[in-house]
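Take a look at the letters that make up each chain.
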2 protein chains.
Amino acid sequence: MTTTSWVDGADSGPYGIDHLPYGVFSTAKDPAMRIGVRIGDQILDLRGLASGTFFLPWIRPAFHEHALNGFMAMGPPAWRLVRHQLTELLSDRRHQDQSATLLTPVAKARMHLPFTVADYVDFYASEEHATNLGRLFRPDSEPLLPNWKHLPVGYHGRAGTVVPSGTPIVRPRGQRKSKDAPVEFGPSARLDIEAEVGFVVGVGTELGTPVNPDDFTEHVFGAVLVNDWSARDIQAWEYVPLGPFLGKSFATSIGHWVTPLDALAGAKAAAPVQDPVPLDYLLESERYGYDLQMSVRWNGTEVSRPPFGGMYWTPAQMLAHMTVNGASLRTGDLYASGTVSGPGPAQRGSFLELTWGGKDPVDLGEGEARTFLEDGDTVIISATARGAEGGEIGLGDVRGTILPAVNLVPLPA
Amino acid sequence: MTTTSWVDGADSGPYGIDHLPYGVFSTAKDPAMRIGVRIGDQILDLRGLASGTFFLPWIRPAFHEHALNGFMAMGPPAWRLVRHQLTELLSDRRHQDQSATLLTPVAKARMHLPFTVADYVDFYASEEHATNLGRLFRPDSEPLLPNWKHLPVGYHGRAGTVVPSGTPIVRPRGQRKSKDAPVEFGPSARLDIEAEVGFVVGVGTELGTPVNPDDFTEHVFGAVLVNDWSARDIQAWEYVPLGPFLGKSFATSIGHWVTPLDALAGAKAAAPVQDPVPLDYLLESERYGYDLQMSVRWNGTEVSRPPFGGMYWTPAQMLAHMTVNGASLRTGDLYASGTVSGPGPAQRGSFLELTWGGKDPVDLGEGEARTFLEDGDTVIISATARGAEGGEIGLGDVRGTILPAVNLVPLPA
């Protein structure tokens, strides 16, 4: 028997009773940031619930915080218990009257960053994406670099510029250099997206204790969609030999709603077989990824459907790799998959790939064509997945609109 | 007339009245972490002072925190005022009796991370270091890459593994690959140091507002010494194309004491003339670095004296570059210079350079020679500088001892 919710319309949408993602919201009436869980088009106020006796006493303080970190740090037993209680509350009609006062329509809420980001790591885990970039940048050599199939390549990004979906993206300025031209300075002319999936660490570790890939669900709380905005011209000039820096650090957008891993249980799917077999510390007893169907809309036109299920490196492998040197984890660590690209031309998760380096414009309809982002453009990344009960859930969208570059630096005389 | 302190022995050492660096300490008797200022071999308890009427009411709460972030966020007026008050308190003998009860000997204190690290960025600002690495890794091409003289190359490191001086460093394990050999896994065989100087941001910025290099002292609170431990074999295999990751992220050590920029005023020195002239956003009205004489001791033997004054890119330029794309700053952001190396062979800030890629062992006396770090080795990085009144101050040492790698990962059956 499928569980249903008494909240109007919830059962037929992407935020049904089998999803229940967590976020942080405020309203005009009550501007305090507080934790809520989404059901249909409503947000259930968990601070309000925690003011009563609904949650166990040791759990309540976490829902008086302004971010999910305290709750995430409590670990799987608390996550499961709260999810179980919320499922019961929102499905059993006997709770409707007393709970309805704690519901706020999403349309009336302002959404904030759901958790305080500790460290932000970005991987490069799609074989198709890494291959496309290799072909574009190094047409005369093997597209994949020698290390790529041995380890999930990754790097640290700027945690302080991770912003919630909807935050306007000011076009970054910076240095760039075309072949045989002098160094130039100005607004990026090759502003791009990267459609990614991010994983949020709940339970941290001590320095010196690597995480086994089989312990993935003991540490990771949930998933969010990520748009790793990228200024390709800035990146191309700066990135040797220490990697991407200002080409990425101006902004990284994440969804408002953190989908608990338990809500993705129905989306688990076998990950690609790896050849060569990686080293022991990257081997999983049960190897799986998540079969998320992503969508990239550019000014309303869907331009790509990247398939997350085909990623070469799994979220568990990324976690194991990130810690194998003894690096500790903290609650709020965010690690993203890197651009999700599939084998098909309409499955690429960046415009660099979709337009093949800017050579093949994308048709947005009504005579509009694009290679890279123009001021005023809006990109929305979304994803759906099979819910735990067989229905479809939808991860929180990531959207952003490009604002023109501004010159706010008073230069020395 | 030179100001002197009534604290015994303070005037003749590196922590005289013209230094007054801030740190966070606790004691066996009172295990609460609290902020102190160092004078000679003593720590003055600022939480204790803030419990009375010594500081202005709006400043007091900052000294009840467990880290410097609150105080640093208050900006230059508060920094100057507190420094002025502390100078008076510790120099005027009339305050001796009442203040002496707030002094704790450094030998009895446990030191903690002085501030909560927000983002950690590492630059690559020494021309000699970048040239040495170019010669070692790319012997057949120009040692400096084309971008190096146009921008301060940098990348993000792992903020969560920044640790206070004295924290044991567990030798990291990871993947490595020698030419024509298969991929191997094991403890790093080329464990190295990088002697650096780090700058700590006090006053943050909003997203989209680049910082002018002339506003450096409006944002940066002070300086700490940094040891950016580096596993060269792990780094060499992983770093293309996204830069260093696990080769660095296992640990970065910083000194216990944050030296306020005001205490370094006497060490300001003209920075090298830049050719080509960089872009406008990197131009300073008054171009200067800090003339710090660094020292690297390996098991007690001084093996190098890197000169920080010769760095090609200044701390103000690094700050301007890091934000020119609109990236915001947060209180607690730490950015380090990259390895400090001078032109002389005994001025190199990494063992990779000192031993020229491991080919020329360093003599540590008594028949001991080294190329890279062995288990049990201890490295101490220290630095002295001209104080504001002409004497010599010494920045807080960064020390670390290497522990053997441990296998704590229960591998899947």
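Residues numbered from 1 in each chain as written. Chains lettered and ligands numbered in written order. Predicted model: local features only at pLDDT ≥ 70, side-chain atom pairs only at ≥ 80, totals over all residues. Heavy atoms only, no water.

### Describing the domain arrangement of chain A
Residue and element names in this part refer to chain A.
And then number 1: Partitioning chain A into structural domains gives domain 1 (10-111) and domain 2 (120-403).
And then number 2: In this structure, domain 1 and domain 2 have C-alpha centres spaced 28 Å apart.
And then number 3: In this complex, domain 1 contributes 24 residues to the contact, which on the side of domain 2 involves 28 residues.
And then number 4: Between domain 1 and domain 2 the total buried area reaches about 1900 Å² when both faces are included, carbon and sulfur atoms providing 67% of it.
And then number 5: Taken together, the connections running from domain 1 to domain 2 amount to zero salt bridges.
And then number 6: Linking domain 1 with domain 2 are three residue pairs in polar contact (both at pLDDT 80 or more). (Domains from an automatic or database assignment. Contact = heavy atoms within 4.5 Å. Buried area = accessible area lost by both parts, 1.4 Å probe. Salt bridge = Lys/Arg side-chain N within 4 Å of Asp/Glu carboxyl O. Polar contact = N/O pair within 3.5 Å; in protein donor to acceptor, adjacent residues only side chain to side chain.)

### So, the confidence of the model for chain A
Residue and element names in this part refer to chain A.
And then number 1: When pLDDT is averaged along chain A, the result is 96; 98% of the residues meet or exceed 70.
And then number 2: Per-element confidence in chain A ranges from a low mean pLDDT of 92 for helix α4 (residues 96-100) to a high of 99 for strand β13 (residues 195-201).
And then number 3: Taken together, the stretch residues 409-413 has pLDDT below 50 and engages in 12 contacts with residues farther than four places along the chain or on a different chain. (pLDDT = per-residue confidence, 0-100. Helix = DSSP H or I, 4+ residues; strand = E, 2+ residues; numbered from the N terminus.)

### Some details on the UniProt feature "domain: Fumarylacetoacetase N-terminal" (unreviewed entry) in chain A
And then number 1: Per the UniProt record, "domain: Fumarylacetoacetase N-terminal" (unreviewed entry) is found at residues 19-114 of chain A.
And then number 2: Along residues 19-114 of chain A one finds 32% helix and 24% strand; the C-alpha atoms at either end are 16 Å apart. (UniProt positions renumbered as here; feature names shortened; annotations may be inferred.)

### Side note on the interface of chain A and chain B
And then number 1: On the chain B side, the residues contacting the 65 residues of chain A number 65 residues.
And then number 2: The largest contributions to the chain A side of the interface with chain B come from R158, L242 and F245 of chain A, which together make up 13% of the buried area.
And then number 3: Run the count over chain A and chain B and you get two salt bridges.
And then number 4: In this structure, D333 of chain A engages R158 of chain B in a salt bridge whose closest nitrogen and oxygen atoms are separated by 2.9 Å.
And then number 5: Broken down by secondary-structure element, the contributors of at least two residues to the side of chain A that touches chain B are β6 (120-123), β7 (154-157), β10 (173-176), β11 (184-187), α7 (232-238) and α8 (315-323) of chain A.
And then number 6: The element contributing the most residues to the side of chain A that touches chain B is β7 of chain A, with four residues.
And then number 7: When grouped by side-chain class, the residues that make up the side of chain A that touches chain B number 39 nonpolar, 17 polar and nine charged. (Nonpolar A, V, L, I, M, F, W, Y, C, P; charged D, E, K, R; others polar.)

### A closer look at the side chain of E353 of chain A
Residues and elements named next belong to chain A.
And then number 1: Position of E353 relative to the elements: it lies in helix α9 (residues 351-354).
And then number 2: Of the buried charged residues, E353 lacks a salt bridge, with R348 as the closest side chain of opposite charge at 5.4 Å.
And then number 3: Only 2.7 Å separates the side chain of E353 from the side chain of S350, close enough to count as a polar contact.
And then number 4: In this view, E353 contacts E128, H129, N132, L133, L136, T339, S341 and R348; residues no more than four positions away in its chain are not counted. (Buried < 20%, exposed > 50% of the residue type's maximum accessible area, 1.4 Å probe, protein only. Lys, Arg positive; Asp, Glu negative; His and termini not counted.)

### Section: the sheet that holds strand β3 (residues 42-45) of chain A
Residue and element names in this part refer to chain A.
And then number 1: Read across the sheet, five strands follow the order β4-β3-β2-β1-β5 without closing on themselves; strand pairing throughout is antiparallel. Looking at strand neighbours, the two that pair on one side only are β4 (103-105) and β5 (109-112), the edges of this open sheet. Strand-to-strand twist in this sheet, taken as the mean axis angle between neighbours without regard to direction, amounts to 50 degrees. (Pairing = 2+ DSSP bridges. Axes fitted to C-alpha atoms, helices over the stretch in contact; angles between N-to-C directions.)

### With respect to empty space enclosed by the protein
Residue and element names in this part refer to chain B.
And then number 1: For the structure on display, the rule yields nine cavities of 30 Å³ or more.
And then number 2: Estimated volume of the largest cavity: approximately 70 Å³.
And then number 3: The element contributing the most residues to the lining of the largest cavity is strand β7 (residues 154-157), with three residues.
And then number 4: A class-by-class count of the residues in the lining of the largest cavity yields four nonpolar, six polar and three charged. (1 Å grid on protein atoms, 1.4 Å probe; cavity = no way out; pocket = protein on both sides within 12 Å on 5 of 7 lines; lining within 4 Å. Points joined across faces, edges and corners; volume = space filled by probe spheres on them.)

### Points about the nonpolar core
And then number 1: The biggest cluster of nonpolar side chains holds 148 residues, and the ones touching the most others in it are Y335 of chain A together with Y335 of chain B.
And then number 2: With near-sequence residues (within four places) excluded, Y335 of chain B lies in contact with V121, F123, V197, G198, F199, V201, F216, V220, P315, M318, L319 and M322 of chain B.
And then number 3: Y22, L49, I59 and Y120 of chain A belong to the second largest nonpolar core, which has 42 residues in total. (Core = buried A, V, L, I, M, F, W, Y, C linked by side-chain atoms within 4.5 Å.)

### Observations regarding the environment of L103 of chain B
Residues and elements named next belong to chain B.
And then number 1: The residue L103 is located in strand β4 (residues 103-105) in this model.
And then number 2: When its relative accessible area of 17% is taken as the criterion, L103 is described as buried.
And then number 3: C-alpha separation for the pair L103 and G48, spaced 55 residues apart in sequence, amounts to 9.8 Å.

### Overview of the pairing of strand β14 (residues 220-227) of chain A
Residue and element names in this part refer to chain A.
And then number 1: Within β14, eight of the eight residues are buried, which leaves the element mostly enclosed by the surrounding structure.
And then number 2: In the sheet, β13 pairs with β14 via seven bridges, with the strands oriented antiparallel. Its bridge partner lying in β14, V200 is registered against G222.
And then number 3: As paired elements, β14 and strand β17 (residues 259-260) share two bridges and run antiparallel to each other. In the strand pairing of β17, A223 is matched with T259.

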